Amino acid sequence: MLVLLPPSETKADGGTGTSLELDSLSFPELNPLRRKLADALVELADDLATAAAALGISERQSAEVERNARLWSTPTTPALRRYTGVLYDALDVAGMGKAQLRRANRRLAVASALFGLVRADDPIPPYRLSAGSRLPGFGSLRGLWRPVLEPVLAGLDELVVDLRSSPYAALAKAPAAVTVRVLTEDGSGMRKTVSHHNKAHKGRLAAALATSQTEASTVEDILRVASRAGVELERTGERQLDLVIAG
């Protein structure tokens, strides 16, 4: 099983690994585009105003541009420890035991506007690039990633659980994946999609699937693992699950 996670805008600083080596990352067929985008971010960092506009940040966030300038030289750390925020707080990598972390490293991967897809223990530096960013001369990232990333996702020969957010799911389809929606239900039974707060619920589901001693290989397995962890899912289609929470 492979659980696809969204990245986070916020990323931890530092690391004890060597500088970025693309050959150390999973899915090496993505390396040509990874290198092209990384080089573009480093070059773009020479012009703060242009970089800020391309990345969708303010010039007061110059530290984000400085991170990109050091992309090839700064220390790396495993992807699961690089990304931070609500989903990753709920995932709680720091609280995992050794056996749980080994399972999580095998079962988790993170979608990325810069790297396409990385496995949990792939060593990466801090960077700033979002799915909606538009680098000068490159067009949309969706147009760049779709032709190279979709064949990778289509070629995965294991159960795929897609927890990516909409912007990252749009970079490349995973047609055979099981998808999960987080919905709220009010007292009248009306349901609506959750936006920001869905991250914590997806993080808890990902933690359950990643650390379970029993690895899910079917949709029924996902339901059982989630239920044991106190995460209640409803099957609403062949490969569609809903996680419903009280509104």
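What counts and what doesn't
Residue positions are given per chain, counted from 1 along the sequence in the order it is written. It should be noted that, the model being predicted, local features are given only for residues of pLDDT at least 70 and side-chain atom pairs only at 80 or more, the latter also being counted only at that level, while totals for whole chains, interfaces and linings use all residues. Hydrogens and waters are ignored; side-chain quantities use all the structure's heavy atoms. Here a helix means four or more residues in a row that DSSP labels H or I, a strand means two or more in a row labelled E, and each is numbered from the N terminus. Relative accessible area decides the class of each residue, using a 1.4 Å probe on protein chains only: under 20% of the type maximum gives buried, over 50% gives exposed, and in between gives partly exposed. Working rule for contacts: check all heavy atoms of both residues, and any pair within 4.5 Å makes them a contact. Here the arc refers to the set of directions running from the helix axis out to each C-beta atom. Pairing of N or O atoms within 3.5 Å defines a polar contact, subject to two protein rules: one partner must be a possible hydrogen donor and the other a possible acceptor, and residues neighboring in sequence count only if both atoms are side-chain atoms. As used in this record, nonpolar core signifies buried Ala, Val, Leu, Ile, Met, Phe, Trp, Tyr and Cys residues forming a set joined through side-chain atoms within 4.5 Å. Each pair of aromatic rings taken from Phe, Tyr and Trp, with Trp reduced to its six-membered ring, is defined by centres within 6.5 Å and is described as stacked if the planes are under 30 degrees apart, edge-to-face if over 60, and tilted in the remaining cases. Residues form patches when they are more than 30% accessible in relative terms and have no salt bridge. Like charges link within 9 Å. Nonpolar side chains (Val, Leu, Ile, Met, Phe, Trp, Tyr) link within 5 Å. Accessible surface area values rest on a Shrake-Rupley calculation with a 1.4 Å probe, where residue burial reflects the displayed protein chains alone. Whenever a carboxyl oxygen of Asp or Glu lies within 4 Å of a side-chain nitrogen of Lys or Arg, that contact is scored as a salt bridge. The charged-residue count follows a simple rule in which Lys and Arg add positive charge and Asp and Glu add negative charge, with His and chain termini not counted at all. A charged residue contributes its charge at one atom only: NZ of Lys, CZ of Arg, CG of Asp or CD of Glu.

Chemist: I keep staring at the overall build of the chain and nothing clicks. Help me out?
Modeler: If you tally the helices and strands in the chain, you get 10 helices and 10 strands. By its C-alpha atoms, the chain is 55 × 40 × 35 Å across when sized along the principal axes. Within the span of the chain, comprising 247 residues, buried residues form 49% of the whole. Long-range pairs, those at least 24 residues apart, make up 70% of the contacts in the chain between residues at least 6 apart in sequence.

Chemist: It is not clear to me how helix α2 (residues 48–55) should be interpreted in this structure. Could you clarify?
Modeler: Note: α-helices contain 3.6 residues per turn, so residues at a spacing of three or four share the same orientation. Taken residue by residue, α2 has A51, A52, A54 and L55 as its buried positions. Angular distribution of buried residues about the axis of α2 spans 165 degrees; they occupy a single face of the element. If you follow the buried residues of α2, they end up packed against α1 (31–44) and α3 (62–69). Capping of α2 at its N-terminal end is provided by D47; its side-chain oxygen lies 3.3 Å from the backbone amide nitrogen of A49. Where α2 ends, the next residue or the one after it, G56, has phi of about 75 degrees, a positive value.

Chemist: I tried to follow the environment of M1 on my own but got confused; where do I start?
Modeler: Of note, M1 is situated in the segment before β1 (2–5). Measuring from C-alpha to C-alpha, the distance between M1 and G14 comes to 30 Å, with 13 residues separating the pair along the chain. Residues within four places of M1 in sequence aside, it is in contact with R106, R107, E158, L159, V161, L209, E215 and A216.

Chemist: In this structure, what is going on with unusual backbone geometry? I would like to understand it.
Modeler: What you tend to see is this: most non-glycine residues have negative phi, and most peptide bonds are trans. Positive phi is not limited to glycine here, since F27 has a value of about 60 degrees. Relative to the helices and strands, F27 is located in the loop between β1 and α1. Of the residues examined, F27 reaches a relative accessible area of 10% and is grouped as buried.

Chemist: Explain the nonpolar core here, please?
Modeler: It is characteristic of soluble globular proteins that their nonpolar side chains tend to be buried jointly. Core analysis: the largest hydrophobic core is formed by 83 residues, its most contacted members being L5 and L91. What L5 contacts, discounting residues up to four positions off in sequence, is L80, L87, Y88, L91, L108, A109, V110, A111, L163, R164 and A206.

Chemist: Explain the packing of aromatic side chains here, please?
Modeler: The geometry of two aromatic rings is summed up by the distance between their centres and the angle between their planes. What the rule picks out here adds up to 3 aromatic pairs. Relative to Y88, the ring of Y83 lies with its centre 5.8 Å away and its plane at 25 degrees, an arrangement referred to as stacked. Neither Y83 nor Y88 differs from the other in exposure class; each is buried. Between F115 and Y127, the ring centres sit 5.6 Å apart and the planes meet at 85 degrees, which makes this aromatic pair edge-to-face. Highlighted residues: F115 in the loop between β3 (108–112) and β4 (116–119) and Y127 in the loop between β5 (123–124) and α7 (141–154), separated in sequence by 12 residues.

Chemist: Looking at this model, I keep getting lost on the side chain of E64. Mind explaining?
Modeler: Looking at where E64 falls in the secondary structure, it is placed in helix α3. Classification of E64 by relative accessible area gives buried; the value is 15%. Those residues in contact with E64, other than ones at most four positions away along the chain, are I57, Y127 and R128.

Chemist: Looking at this structure, how should I read a negative patch on the surface?
Modeler: A grouping of D39, E43, D46, D47 and E59 is seen on the molecular surface, where their side chains present a negatively charged patch. Within the secondary structure layout, D39 lies in helix α1. The exposure class assigned to D39 is partly exposed, which follows from its relative accessible area of 38%.

Chemist: Sorry if this is basic, but what is going on with the pattern of salt bridges here?
Modeler: Once their charged atoms are close, side chains differing in charge can pair, the charge on each being opposite to the other. Tallied over the full model, the rule gives 11 salt bridges. Close ionic contact of R164 with D162 constitutes a salt bridge, the shortest N to O distance being 2.8 Å. Here D242 ties to R181 by a salt bridge, and the two come within 2.8 Å at their closest N and O atoms. Placement of D242 in strand β10 (residues 240–246) and of R181 in strand β7 (residues 178–185) is noted, with a sequence separation of 61 residues between them. Assessed through its relative accessible area of 2%, D242 is described here as buried. When salt bridges that share partners are traced, they join E9, D13, E64, R67 and R128 into one network.

Worth remembering: the numbers are spatial, not functional.
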